[in-house]
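Chain by chain, the residues:
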Number of protein chains: 2
Amino acid sequence: MEKQFLIEGYRAVNQAGESGALKLSAIIIESGAGYSPSDFEFEASRPDIFEAGSGDFQKLADTQSSQGVIAVAQIPDELQDYPNADGTGTILALDDISDPGNMGSIYRTAAWYGVQLILLGENCVDLYNPKVVRSTAGATGSIPVKSGSMDEVLTELNSEGWHPVLMDLNPGAGPVSELSGRQNVILVIGNEAHGISEALKNKFESVYIPGRPAEVESLNAAVSAGIAMHVLQSEKITAGKL
Amino acid sequence: MEKQFLIEGYRAVNQAGESGALKLSAIIIESGAGYSPSDFEFEASRPDIFEAGSGDFQKLADTQSSQGVIAVAQIPDELQDYPNADGTGTILALDDISDPGNMGSIYRTAAWYGVQLILLGENCVDLYNPKVVRSTAGATGSIPVKSGSMDEVLTELNSEGWHPVLMDLNPGAGPVSELSGRQNVILVIGNEAHGISEALKNKFESVYIPGRPAEVESLNAAVSAGIAMHVLQSEKITAGKL
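All of the points below concern the structure found in this document. (Residues numbered from 1 in each chain as written. Chains lettered and ligands numbered in written order. Predicted model: local features only at pLDDT ≥ 70, side-chain atom pairs only at ≥ 80, totals over all residues. Heavy atoms only, no water.)

This paragraph deals with the packing of helix 6 (residues 221-238) of chain A against helix 6 (residues 221-238) of chain B. Put simply, helix 6 of chain A and helix 6 of chain B touch, their axes get as near as 8 Å, and they point 55° apart. Put simply, helix 6 of chain A runs oblique to helix 6 of chain B. Once helix 6 of chain A is placed against helix 6 of chain B, the crossing between them reads as right-handed. The residues of helix 6 of chain B that touch helix 6 of chain A, namely those facing Ala222, Val223, Gly226, Ile227, His230 and Val231 of chain A, are Ala222, Val223, Gly226, Ile227, His230 and Val231 of chain B. Considered class by class, the residues forming the contact of helix 6 of chain A with helix 6 of chain B number 8 nonpolar, 4 polar and no charged. (Axes fitted to C-alpha atoms, helices over the stretch in contact; angles between N-to-C directions. Helix = DSSP H or I, 4+ residues; strand = E, 2+ residues; numbered from the N terminus. Parallel < 35°, antiparallel > 145°, perpendicular 65-115°, else oblique. Left-handed = near helix turned anticlockwise from the far one by under 90°. Contact = heavy atoms within 4.5 Å. Nonpolar A, V, L, I, M, F, W, Y, C, P; charged D, E, K, R; others polar.)

In this structure, strand 8 (residues 163-167) of chain A lies alongside strand 11 (residues 205-208) of chain A, joined through 3 bridges in parallel fashion. Opposite valine 165 of chain A, over in strand 11 of chain A, you have glutamate 205 of chain A as the bridge partner. (Pairing = 2+ DSSP bridges.)

So, about helix 6 of chain B. Residue and element names in this part refer to chain B. Spanning 18 residues, helix 6 covers 25 Å between terminal C-alpha atoms, matching the ideal 26 Å at 1.5 Å per step. Across the 18 residues that make up helix 6, a large majority, 16, are buried. Where helix 6 begins, the side chain of asparagine 220 points an oxygen toward the backbone nitrogen of alanine 222, at a separation of 2.7 Å. Positive phi appears at glycine 240, one or two residues downstream of helix 6, with a value of about 75°. (Expected span 1.5 Å × (residues − 1). Buried < 20%, exposed > 50% of the residue type's maximum accessible area, 1.4 Å probe, protein only. Polar contact = N/O pair within 3.5 Å; in protein donor to acceptor, adjacent residues only side chain to side chain.)

Here we take up the sheet that holds strand 3 (residues 48-52) of chain A. All names here are of chain A. Pairing is mixed in the open sheet, where 4 strands are placed in the order 1-4-2-3. At either end of the open sheet lies a strand with only one pairing partner, and these are strand 1 (4-8) and strand 3. Here the strands of the sheet are splayed against their neighbours by 25° on average, with no regard to which way each runs. In this sheet, strand 4 (residues 69-74) lies alongside strand 1 in antiparallel orientation, the contact comprising 5 bridges. Of the residues in strand 4, the one forming a bridge with phenylalanine 5 is alanine 73. Against the sheet, helix 1 (residues 10-19) touches strand 1, strand 2 (24-30) and strand 4, its axis set at about 125° to strand 1.

Spatial relationships are all this shows, so hold off on functional conclusions.
As structure tokens, then:
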């Protein structure tokens, strides 16, 4: 049997059903929550729909945010082969993101900016953790994913024409504006507290986000990742290239 | 007596003590957590330091993240007069931010980008909620704040030369890149689920963040706010004007 995860709440379940990016095995409706099976008729998928009493439903639900509807979805297979560095794509690499809200928010931003692959380092929080799934706002499953040793993967992709760029404030780092419109970039985001891991530091090009470190030490990881993705992708999106 | 709030964890307490932006009334150390009063000798402030047994300490602490140290800080007074629209500053207006993590993250970003005032609409989550304070990463207290009816405040400031700009995707909205380097802007961020409130919609200029709405409906509010602040402030920071 495939591995499964839960999607909670009407909006997220509906988005997943409509998009067809995920295979939904089942939808469970809480009795008395005001939903009927006809609320979940999608063109892209036809999951089985079950009704459950409140007691049983609450045992399944992770939080209040299920609001009477849960979908059981299959965890998609990871990507097998790396994409070619053919000048069109951008890869996002998450070295060690530990906060579920950050992970979900970064994934959501990556979907918005048309990132073609997300690399997950070995210490990242589980992408199918319920809080991560909620924080993607329905985007879970829309971007191919590959997990592994970040150091090895980046070295391999670098030899194939990809350019890893670390978000890391060090003496050699350039301002993030240097990323504007660049191609074949792997944007690498470090851990919330410790930044880029020692194994990667100084091994690749680095950029930083100019700001006022006297006021606050750094930006939140999801905010930094969002700013960098904006700088990298916004021109391409506006030009209709993504 | 002044209203108080709690700052939890060594890093946040230390940052607050060092910065002097907040008045710390007391620091409470958990017995056996490995801290001594000499760990909290700041130039900027000299709070009383108490030691508490684990049982008492845990009653005070909101979460695990207190890690043996809590500071009691005074909630700063709100700003009385609005700043002049003299061409140097940027104001951030939070219409209705309800998630504590988003609120803290937005405040942290505003500190990074040198925002000079934060306007808080009447339905925003409490800025001194423990989760908000944790999410500011020590920046709480570093930016003047003023609360009130967003519609009234924006109308008044607009008549005094400030330019409210709504983050809102509507047919008349321009791309966020139009904000680059602009002065006297009040950047207005709406609610996480409902966006800009009806009372404000179409009343002021709007900008949107170009992306792929077919993949995901929108960006997270803290990420959008971060991208807009970057576009507004980054040039000024790089030019040494902030």
